[in-house]
Amino acid sequence: MNNPLALIIDDEPDIRELLELTLNRMDIQTLCAENIKSAKHLLAQHNFDLCLTDMKLPDGNGLDFVDHIQRSINPIPVAVITAHGNMDTAIVAMKKGAFDFLSKPIDLAILRQLVTNALKLSQPKQRKKDRRTRHLLLGNSQLMREIRAKIEKVSQNQAPIYISGESGSGKELVAKLIHKQSPRQEAPFIAVNCGAIPHELMESEFFGHKKGSFTGATTDKIGLFQAADEGTLFLDEVADLPLALQVKLLRAIQEKKVRPIGEQHEIAINVRLLSATHKNLAKMVDEGEFRQDLYYRINVIELITPSLRDRPSDIIEIADHLLSKLAIENNKTQPSFTPSAINALQQYHFPGNVRELENILERALALHDGQVIDTDDLNLPTHTLPKQTLLSSKAEKFNPAEISLEDYLEEIEKEAISQALEQNRWNKTETAKYLGLTFRSLRYRLKKLGLDK
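Criteria and thresholds
Residues numbered from 1 in each chain as written. Predicted model: local features only at pLDDT ≥ 70, side-chain atom pairs only at ≥ 80, totals over all residues. Heavy atoms only, no water. 1 Å grid on protein atoms, 1.4 Å probe; cavity = no way out; pocket = protein on both sides within 12 Å on 5 of 7 lines; lining within 4 Å. Points joined across faces, edges and corners; volume = space filled by probe spheres on them. Helix = DSSP H or I, 4+ residues; strand = E, 2+ residues; numbered from the N terminus. Salt bridge = Lys/Arg side-chain N within 4 Å of Asp/Glu carboxyl O. Buried < 20%, exposed > 50% of the residue type's maximum accessible area, 1.4 Å probe, protein only. Disulfide = S-S within 2.5 Å. Pairing = 2+ DSSP bridges. Axes fitted to C-alpha atoms, helices over the stretch in contact; angles between N-to-C directions. Contact = heavy atoms within 4.5 Å. Arc of directions from axis to C-beta. Polar contact = N/O pair within 3.5 Å; in protein donor to acceptor, adjacent residues only side chain to side chain. pLDDT = per-residue confidence, 0-100. Parallel < 35°, antiparallel > 145°, perpendicular 65-115°, else oblique. Left-handed = near helix turned anticlockwise from the far one by under 90°. Nonpolar A, V, L, I, M, F, W, Y, C, P; charged D, E, K, R; others polar.

Enquirer: Please give an account of empty space enclosed by the protein that cites residues and values.
Expert: Enumeration according to the criterion identifies 1 cavity of 30 Å³ or more in this entry. In this structure, the largest cavity encloses a volume near 260 Å³. Around the largest cavity, the lining is made up of 19 residues, and of these D100, Q158, I253, K256 and V271 lie nearest the centre. Elements with a contribution of two residues or more to the lining of the largest cavity: β7 (100-103), α5 (108-122) and α11 (243-255). Here the lining of the largest cavity takes 4 residues from α5, the largest share from any one element.

Structure representation (structure tokens):
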């Protein structure tokens, strides 16, 4: 088997020599170019396994070369070399399809990690591997076909992915599928709910600590970044991170290094970062609740998990799958759905998405009689109306001669919150999530509207 072949593009002889020596010691053959013109000539003559290119070149921009490679019949992993601190350019490069980036001055340990990851993509077994996710991410709607195609594409680079969507819509499943199809599939997948970690323990949880570094630190502790080394770190509910930790997280992502509490030296990390939240992160940035620089860093590529109500044609297939799984887990014979039960499921709004569907089916399986599940067995909430229905019905009643605009808007808000509370069985935490509010904001509105009883 021939050694891998890398294309190096840089107009600085010292940088070319450094990259060549490092890759040659990894048993990788190299060919060098000092500008885009000669690089394209080499690309046409040889079958490369990866490319490292400087961003600023005498006859053009490294971003243009990224575009050129992406348009080729067999695109190869390409990493761009950026000036220190120039993260904006690195983000643009990854949006265009670059595999990863390197900052000057080049850290050789990070370079070797990057090259190792890139070569995994060039292996025939990785290219030919069946990456179908149809049996894992169910649904044949256009929305689901599109998201499965996006998962397959984004899994093949290192760009941070931001997964947005409502609670229960499958954000963690999407993250797992990205990992399973990536070159990191044999390494750890570490998922953490940022909202479940006490603020005072967050730095230690993320970055680790040395024994004796603070009261209670009786042993060394490996942080989440180190635990996910060479694999994928999934930060669920990333919107819940306090601002103080957001600063340190940003540095860890940009420098690809962490420093455990009490440690004198930084430790290089090799982690693919995936993030998710059901909250409106862009709105939180506007309101100063989430750092803008961190938002742009984790949101290089965004995937939106569709709500269940937006793909009603998928509901029965998913329901059958979940019911089969629940029946096996509970050692029961799987019942069938009556036509009226099928119709009820397809008409229901599902504010809790797939997670709510599973809870409904688990209850129905426990309570139904006979061989079928009927509408009554589903026990669906009866107060669910799509939000647009509520607003349109209210708008029809508005008469400026009878009620002020302020009172009219307050009436809409009160009815919407009351409806959401009933729908979520007066669980205020779930109601806040459903309405896209913080818990504190919901409490304020309940008090203002006289609903805090």
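From this point, things continue past the structure.
Enquirer: Quick one: what's the story with the pattern of salt bridges, residue by residue and with numbers?
Expert: On inspection of all chains with the given rule, the structure shows 18 salt bridges. Its salt-bridge partner being K176, residue E172 comes within 3.8 Å of it at the nearest N-O pair. With E172 and K176 both in helix α8 (residues 171-180) and 4 residues apart, the pair spans about one turn of that helix. Given the relative accessible area of 34%, E172 is considered partly exposed. Of the residues examined, K176 reaches a relative accessible area of 38% and is grouped as partly exposed. K448 is the partner of E413 in a salt bridge, and the nearest nitrogen-oxygen pair spans 3.4 Å. Taken together, the positions of E413 in helix α19 (residues 405-423) and K448 in helix α21 (residues 439-448) put the pair 35 residues apart, joining distant regions of the chain. Linked through salt bridges whose partners overlap, the residues forming this network are E12, D54 and K104.

Enquirer: I'd like to hear about the state of the cysteines, residue by residue, with values.
Expert: Evaluation of the coordinates by the stated rule reveals 0 disulfides. This cysteine, C51, is not joined by any disulfide, and C32 carries the nearest cysteine sulfur, 11 Å off. Judged by relative accessible area, which is 0%, C51 ranks as buried.

Enquirer: Report on the sheet that holds strand β8 (residues 161-164), specifying residues and quantitative values.
Expert: Reading across from one edge, β9-β10-β13-β8-β14 is the order of the 5 strands in this open sheet, with parallel pairing throughout. The open sheet terminates on both sides in strands that have one partner only, identified here as β9 (189-193) and β14 (301-304). Going across the sheet, the axis of each strand differs from the next one's by a mean of 20°, ignoring polarity. One ladder, built from 5 bridges, connects β9 with strand β10 (residues 232-236); its direction is parallel. Bridged to N193 within β10 is D236. Sheet strands in contact with α8 are β8, β9, β10, β13 (272-277) and β14, and its direction is about 150° off that of β8.

Enquirer: Would you mind going over the pairing of β13 in detail, with residue names and values included?
Expert: The element β13 is extensively covered by neighbouring structure, given that 6 of its 6 residues are classed as buried. Side chains of β13 alternate between two faces, with R272, L274 and A276 and L273, S275 and T277 buried alike. With 4 bridges joining them, β8 and β13 adopt parallel strand pairing. Residue I161 lies in a different strand from β13, and its bridge partner there is L274. In this structure, β10 lies alongside β13, joined through 4 bridges in parallel fashion.

Enquirer: Residue-level account of helix α2 (residues 36-45), with values.
Expert: Listed as buried for α2 are I36, A39 and L42. For α2, the arc enclosing every buried residue in end-on projection is 120°, short of the 170-degree limit, so these residues lie on one face. Pointing more than 90 degrees away from the buried face of α2 are the exposed residues K37, A44 and Q45. In the core, the buried residues of α2 are packed alongside β1 (5-9), β2 (29-33), β4 (56-57), β5 (60-61) and α3 (62-70). Residue N35 occupies the N-cap position of α2, its side-chain oxygen lying 3.3 Å from the main-chain nitrogen of K37.

Enquirer: Talk me through the confidence of the model for the protein; I want residue IDs and the actual numbers.
Expert: Here the protein averages 85 in pLDDT, and 90% of its residues register 70 or above. Averaged pLDDT values over the elements of the protein bottom out at 43 in helix α6 (residues 124-128) and peak at 95 in β10. Ignoring residues within four places in sequence, the model shows residues 125-131, a span with pLDDT below 50, making 15 contacts including any to other chains. Counting interchain partners and residues more than four positions distant, the pLDDT-below-50 stretch residues 383-396 has 21 contacts.

Enquirer: Any details on the packing of helix α14 (residues 315-329) against helix α15 (residues 339-347)? Residues and values, ideally.
Expert: Relative orientation of the contacting elements α14 and α15 amounts to 115°, with a least axis distance of 10 Å. It follows that α14 is roughly perpendicular to α15 by the angle criterion. Both α14 and α15 take part in a crossing whose hand is right-handed. The residues of α15 that touch α14, namely those facing I315, I316 and A319, are I342, L345 and Q346.

Enquirer: Go over the packing of α14 against helix α16 (residues 353-367) with me, naming the residues and quoting the values.
Expert: With their axes 10 Å apart at the nearest point, α14 and α16 run at an angle of 50° to one another. The angle between α14 and α16 falls in the class oblique. The handedness of the crossing between α14 and α16 comes out as right-handed. Contacts between α14 and α16 involve I315, I318, A319, L322, L323, K325, L326 and A327 from the first element and V354, L357, E358, L361, E362 and L365 from the second. Taken together, the residues of the contact of α14 with α16 break down into 11 nonpolar, no polar and 3 charged.

Enquirer: Could you give me a rundown of the sheet that holds β2, with the residues and numbers involved?
Expert: Spatially, β2-β1-β3-β6-β7 is the arrangement adopted by the 5 strands of the open sheet, whose pairing is parallel. A single partner strand is all that each edge strand has here, and the edge strands are β2 and β7. The average undirected angle you get between the axes of adjacent strands in this sheet is 20°. Where strand β6 (residues 78-82) and β7 come together, 4 bridges link them in parallel fashion. Residue pairing for β7: I81 is matched across the bridge by L102. Lying over the sheet, helix α1 (residues 13-24) contacts β1, β2, β3 (50-54) and β6, oriented at roughly 165° with respect to β2. Strands β6 and β7 of the sheet are contacted by helix α4 (residues 87-95), whose axis makes an angle of about 160° with β7.

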